[in-house]
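What the coordinates show
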2 protein chains.
Amino acid sequence: MPKPTRRTFIHALATVTLAALANPGTIQAQTTVPSPSGPDTTTPTTAVGKRTVGMVLFEGFQCLDVFGPIEMLSMVRGQFTFVMLAEKTGPIRSSQGPVVIADRTLTDPGEIDILIVPGGMGTRREVNNPGLITTMKTLAVATPHVASVCTGSALLARTGLLDPKPATSNKRAYAWATSQGPAVAWVAEAHWVETGKYLTSSGIYAAMDMALGLIERLFDRETAEKAAQSAEYEWHSDAHPDPFAKLNGLVP
Amino acid sequence: MPKPTRRTFIHALATVTLAALANPGTIQAQTTVPSPSGPDTTTPTTAVGKRTVGMVLFEGFQCLDVFGPIEMLSMVRGQFTFVMLAEKTGPIRSSQGPVVIADRTLTDPGEIDILIVPGGMGTRREVNNPGLITTMKTLAVATPHVASVCTGSALLARTGLLDPKPATSNKRAYAWATSQGPAVAWVAEAHWVETGKYLTSSGIYAAMDMALGLIERLFDRETAEKAAQSAEYEWHSDAHPDPFAKLNGLVP
């Protein structure tokens, strides 16, 4: 057993609470039996599942913040559908250049079970966009599970919904991100933090580990581990410390 | 030092050879000095760099196969520009559902320095699409560095360009993928394989490790390690064995 931390305690609490709320029917319906044609047979065509994941897009989003969690969740076959949300529908350019289509608007998202807010250079502009922050806040309040990736926590913090909860963010943009939520109980040494319905992850690839944590929350540990295996991914579960907090001088 | 394997030998050979060919000017131009605003400041707006990475898209591509490598390469600031390529320009739907825009066609891609072929359910159809295979082969022949991710190796194998070279693929779609290239010297226990200008990776997230391997090939080890740190990513370098080959019963 790893040495318990505030973070692991918070996560343990959240997991226990939410495991009790998990839908056994959904757990039974979930299957990760290996397929001869491999992990990219998560669906025969495109992912259409029981829960809808709304991904918030804005110009300058970080690619992996968006597609890392989508990939991990898609490994739980037939359980998740992904909807790309933005202030306006249509093409949205990422920080890296590739353009992704926003399917629906934040004000008309349809039924969303899980809301994910990515980071990226665009967050530096969007923290000062009341239109995005307000519509995102309304949607987050109405959504059962809300997660942020990297500097997406700065956008989520601007809604005030993280006050005075524990949360984390990217460790190399930490000073800027945390300045966007002075009343948030920021946790520097956290790969990701779960508190109630909110999950906030550290930099970029921590989002994949957080997504697996969300799978564990929604289903069980075995399902999360099998999802990781399907992506041939070695899950860094929340019990691991965050080496990047120390690397970036945020903890001794 | 890890116990050398055929794979590490191949990679060592490729690295030594290609390090000698690396452009010192490019190495000097590369900088990964930490920024106070963090890793998602890879560029002020969108990535525009010295080398152009062409990503092959088709209906049913795997999201992380495309965006994992893009993310890692984008961590080397100002060095890479990303162009999404397909048989036709316009929207292409991924296996997971999100739609990405193809910027240019495979027959009019502009100057491409690195070609990446992702996997995904769509590969099951595209291996039998002579239009894609032929145009991809022409482009691959003309491109200095060619990589495949997951079952993307099945598409690359269909061009014949991997014959009789060592290559690998997704470990859970291994039987199907390897059947697409009977004359390829498939390596089961490999996180990724580098031989000459070709790099082939195992399932999904191995692509991020391979992309870091490509950064090491183009620049140096330190640059690759700093790119991984910028994404707060713990690089599983090629010296690590592939646990998924054993997990899927491909090796004892």
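Residues numbered from 1 in each chain as written. Chains lettered and ligands numbered in written order. Predicted model: local features only at pLDDT ≥ 70, side-chain atom pairs only at ≥ 80, totals over all residues. Heavy atoms only, no water.

1. Section: the overall build of chain A
When helices and strands are tallied, chain A shows 10 helices and 11 strands. For chain A, the proportion of its 252 residues judged to be buried stands at 67%. For chain A, long-range pairs separated by at least 24 residues make up 69% of all intrachain contacts whose partners lie at least 6 apart in sequence. When the accessible surface of chain A is summed, it comes to about 8600 Å², and 60% of that surface belongs to carbon and sulfur atoms. (Helix = DSSP H or I, 4+ residues; strand = E, 2+ residues; numbered from the N terminus. Buried < 20%, exposed > 50% of the residue type's maximum accessible area, 1.4 Å probe, protein only. Contact = heavy atoms within 4.5 Å. Areas by Shrake-Rupley, 256 points an atom, 1.4 Å probe, with all protein chains shown as cover.)

2. Describing the sheet that holds strand 10 (residues 192-195) of chain B
Residue and element names in this part refer to chain B. What the 7 strands build is an open sheet, ordered 5-2-1-6-7-11-10; its pairing is mixed. Lying at the two open borders of the sheet, with one neighbouring strand each, are strand 5 (104-105) and strand 10. Where strand 2 (residues 80-86) and strand 5 come together, 2 bridges link them in parallel fashion. Each bridged residue has a counterpart across the sheet, and for Leu85 the counterpart in strand 5 is Arg104. Contacts from helix 3 (residues 63-74) reach strand 1 (51-56), strand 2 and strand 6 (114-117), with the element oriented near 160° to strand 2. Relative to the sheet, helix 8 (residues 206-218) contacts strand 1, strand 2, strand 6, strand 7 (145-148), strand 10 and strand 11 (198-201), its axis offset from that of strand 11 by approximately 155°. (Pairing = 2+ DSSP bridges. Axes fitted to C-alpha atoms, helices over the stretch in contact; angles between N-to-C directions.)

3. A word on the pattern of salt bridges
Across all of its chains, the model carries 12 salt bridges over all chains by this definition. When the shortest N-O distance is used, the salt bridge between A:Glu216 and A:Arg221 registers 3.5 Å. (Salt bridge = Lys/Arg side-chain N within 4 Å of Asp/Glu carboxyl O.)

4. Some thoughts on the sheet that holds strand 6 (residues 114-117) of chain A
All names here are of chain A. The 7 strands lie next to each other as 5-2-1-6-7-11-10, forming an open sheet whose pairing is mixed. Of all the strands in the sheet, the pair left with one neighbour each is strand 5 (104-105) and strand 10 (192-195). By the bridge criterion, 3 bridges tie strand 7 (residues 145-148) to strand 11 (residues 198-201) in an arrangement that is parallel. By the bridge assignment, Ala147 is partnered in strand 11 with Leu199. Contacting strand 1 (51-56), strand 2 (80-86), strand 6 and strand 7, helix 5 (residues 130-141) runs over the sheet at an angle of about 150° to strand 6. Contacts from helix 8 (residues 206-218) reach strand 1, strand 2, strand 6, strand 7, strand 10 and strand 11 within the one sheet, and its direction differs from that of strand 11 by about 155°.

5. Points about unusual backbone geometry
When glycine is set aside, most residues are seen to have a negative phi, and most peptide bonds are trans. All names here are of chain A. Of note, the bond from Asp163 into Pro164 is cis; its omega dihedral lies within 30 degrees of zero at -15°. Positionally, Pro164 belongs in the loop between helix 6 (152-158) and strand 8 (166-167). One non-glycine residue, Cys150, lies in the positive phi region at around 55°. Tracing the chain through its elements places Cys150 in the loop between strand 7 and helix 6.

6. Some words on the environment of B:Gly152
Residues and elements named next belong to chain B. Tracing the backbone shows Gly152 in helix 6 (residues 152-158). Gly152 gets classed as buried once you look at its relative accessible area, which sits at 0%. When the C-alpha positions of Gly152 and Ser169 are compared, they lie 7.8 Å apart, and in sequence the two are 17 residues distant. The residues contacting Gly152, other than those within four sequence positions of it, are Val117, Pro118, Gly119 and Thr123.

7. Some points on the packing of helix 8 of chain B against helix 9 (residues 221-230) of chain B
Residues and elements named next belong to chain B. Between helix 8 and helix 9, whose axes approach to 7 Å, the crossing angle comes to 145°. Helix-helix and strand crossings are classified by hand; for helix 8 and helix 9 the assignment is right-handed. Facing helix 8, whose interface residues are Leu212, Ile215 and Glu216, helix 9 presents Arg221, Thr223, Ala224, Ala227 and Ala228. (Left-handed = near helix turned anticlockwise from the far one by under 90°.)

8. Observations regarding the state of the cysteines
Applying the stated rule across the entire model yields 0 disulfides over all chains. The cysteine A:Cys63 is free of any disulfide, with B:Cys63 supplying the nearest cysteine sulfur at 10 Å. Relative accessible area serves as the criterion here: at 0%, A:Cys63 is assigned to the buried category. Its sulfur unpaired, B:Cys150 is 12 Å from the next cysteine sulfur, which belongs to B:Cys63. The class for B:Cys150 is buried, based on a relative accessible area of 0%. (Disulfide = S-S within 2.5 Å.)

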